[in-house]
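In case you want the letters, here they are:
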Amino acid sequence: MNWMIVLAVALSVAVGSCAPTKQAIVGTGTYHVIDLGVHPGFDSSEPTGINSTGQVSGFSSRNNDPPRRAFFYDTPHCQMVDVGAAVPQQASSAATAINDSAMVVGSFLRSDGRVRAFSFSQGVFRDLGGDDRLDHHALALNKGGTIVGFESVPGLSTEDAVSYTNGQAVAFPFFGTAYVNKAIGISDSGEVTGPLGAPGGLVTGMKFFPNLDRWYQIRPASPHPQLPDFDRVMQPRAINANGHVTGTIGSTVPHAFLSRNHFEPTQDLGTIDPAHPEWFSVAYAINASAHVVGVAQIGAEITAFLHNGTTMIDLSTRLSDAAGWRLIGALAINEHGVIAAQASFNNGPRHAVLLVPASRFGDIGPSQCPPPVLG
């Protein structure tokens, strides 16, 4: 059985099997590492999203060089799809999210210096529209294809959350007298999360309910005796199918958080070692089971973490047959526990990788995909 069939079978078992199975506690098993590679001529790659079949959005970049190149990785076929090739003049571009229909969204830099939001689906590239004088950023989309992000005034710090519909950027309602700054995540039911900045450095986590057409404040975390700005700064980063929100609280030393209900106290997810609250943790993504992934400090180093609802796990300690790999951060997770991360092999360039749970999919073996294309 060749590498493509092996990987496709492994993923289809997780997605399509209806047979009852006994599952291990998430994060306590091992993970296989699949290198997603990088565009030719680029040095590193970074994932930004993952869908239920394990397809990944992201971008490649060069060392000390601003231009980026958007991609999505078609995991069942072990193929990097060059989204950046469809961008006008092949300008700098980054894909920020992908849904189950393999629609990718992101932003690109137009020749006149304006940043524009885009979608890419079935080989078709589309500028999402909006005021041509403003910069536009698509950050997230759901299964139904609803796209959200923000628009900004070039040269100013003004940012307003928007949704992209029929070639227009539609602003969300005010909260009080101000716009929420960014729509940074959207659930399949249309609930949206984002930050609202205020004078004095206060940043409030917000949640939008489409049936009520209004924003609500996510209840702050309780003050921390060693990190007193926990109740003043909340930066949401993602929302799952059940409306649970994750991101960071605090600014001096940020910690990952989980909010299951906006009216209940926000949960501090802590650090890799609870004895060191002065270490940081930053949550990037959450799946329907409220498993959170992100970047965490461990001593003088950083690593990728998974919070499985009970504890924060250093994913670097869970790699199987992956000698030489060093995890830098976990940036996305799907409903089957497949994680999109960034890692370095033998201290080389950073690459987007997949972490495939062996306990869920079985032993894929050493030949998941052919050697990746190196920059």
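This section reports on the structure supplied with the text.

Okay, the environment of P357 next. Position of P357 relative to the elements: it lies in strand β28 (residues 350-357). Since its relative accessible area comes to 7%, P357 is described here as buried. In the structure, P357 is positioned 327 residues away from T30 in sequence and 5.9 Å away in space, judged by C-alpha atoms. The residues contacting P357, other than those within four sequence positions of it, are T30, Y31, H336, G337 and V338.

Ranked by internal contacts, the top residues of the largest apolar core, which has 18 residues, are L315, L319, I339 and L355. Mapped onto this core, the elements with two or more residues apiece are β1 (31-35), β24 (301-307), β26 (325-333), β27 (339-345) and β28. Top element by residues in this core is β26. It accounts for 4 residues. Dropping the residues within four chain positions of it, L355 is found in contact with Y31, H32, V33, L315, L319, L327, G337, V338, I339 and A341.

With that out of the way, let us pick up the pairing of strand β6 (residues 93-98). Remember that side chains alternate between the two faces of the sheet whenever the strand is regular. Within β6, 5 of the 6 residues are buried, which leaves the element mostly enclosed by the surrounding structure. As defined by bridge partners, β6 adjoins strand β7 (residues 104-109) across 5 bridges and the pair is classed as antiparallel. Residue pairing for β7: I98 is matched across the bridge by V104.

Time to look at unusual backbone geometry. You will see that A102, though not glycine, has its phi angle at about 65 degrees, which is positive. Within the element layout of this structure, A102 appears in the loop between β6 and β7. The backbone of D213 shows a phi angle near 55 degrees, a positive value even though the residue is not glycine. With respect to the helices, strands and loops of the structure, D213 is situated in the loop between β16 (203-209) and β17 (214-217). For D213, a relative accessible area of 49% puts it in the partly exposed group.

Before going further, it helps to examine the packing of aromatic side chains. Ring pairs (aromatic) are described by centroid distance and by the angle formed between their planes. This structure, assessed with the given rule, holds 9 aromatic pairs. Between F208 and W215, the aromatic rings sit 5.3 Å apart at their centres with planes inclined by 55 degrees, giving tilted as the arrangement. Exposure class is identical for F208 and W215. Each is buried. Ring pairing ties together the aromatic residues F108, F118 and F125, which thus form one cluster. In this structure, R62 is placed above the aromatic ring of F42, and the distance from its NZ or CZ to the ring centre is 4.0 Å. A cation sits over an aromatic face here: K182 above F150, 4.9 Å from the ring centre.

Here the structure, examined in full by the defined rule, presents 11 salt bridges. Of the charged contacts in the structure, one is a salt bridge between K207 and E191, with a shortest N-O distance of 3.7 Å. Of this pair, K207 sits in strand β16 while E191 sits in the loop between β14 (185-186) and β15 (192-197), placing them 16 residues apart in sequence. The same class applies to K207 as to E191, namely buried. Connected through shared salt-bridge partners, R110, D112, R116, D127 and D132 make up one network.

A few words on the sheet that holds strand β10 (residues 135-141). The strand order across the open sheet built from 4 strands is β10-β11-β12-β13, with neighbouring strands paired in antiparallel fashion. One side of each edge strand has no neighbouring strand; the edge strands of this open sheet are β10 and β13 (168-171). When strand polarity is set aside, the average angle formed by the axes of neighbouring strands in this sheet is 40 degrees. Sheet topology note: the strand β11 (residues 147-152)/strand β12 (residues 159-165) ladder contains 6 bridges and is antiparallel. From the neighbouring strand, G149 faces β12, where its bridge partner is V162.

Definitions and limits used
- Residues numbered from 1 in each chain as written.
- Predicted model: local features only at pLDDT ≥ 70, side-chain atom pairs only at ≥ 80, totals over all residues.
- Heavy atoms only, no water.
- Helix = DSSP H or I, 4+ residues; strand = E, 2+ residues; numbered from the N terminus.
- Buried < 20%, exposed > 50% of the residue type's maximum accessible area, 1.4 Å probe, protein only.
- Contact = heavy atoms within 4.5 Å.
- Core = buried A, V, L, I, M, F, W, Y, C linked by side-chain atoms within 4.5 Å.
- Pairing = 2+ DSSP bridges.
- Phe/Tyr/Trp six-rings, centres within 6.5 Å; stacked < 30°, edge-to-face > 60°.
- Lys NZ or Arg CZ within 6 Å of the ring centre and 35° of its normal.
- Salt bridge = Lys/Arg side-chain N within 4 Å of Asp/Glu carboxyl O.
- Axes fitted to C-alpha atoms, helices over the stretch in contact; angles between N-to-C directions.

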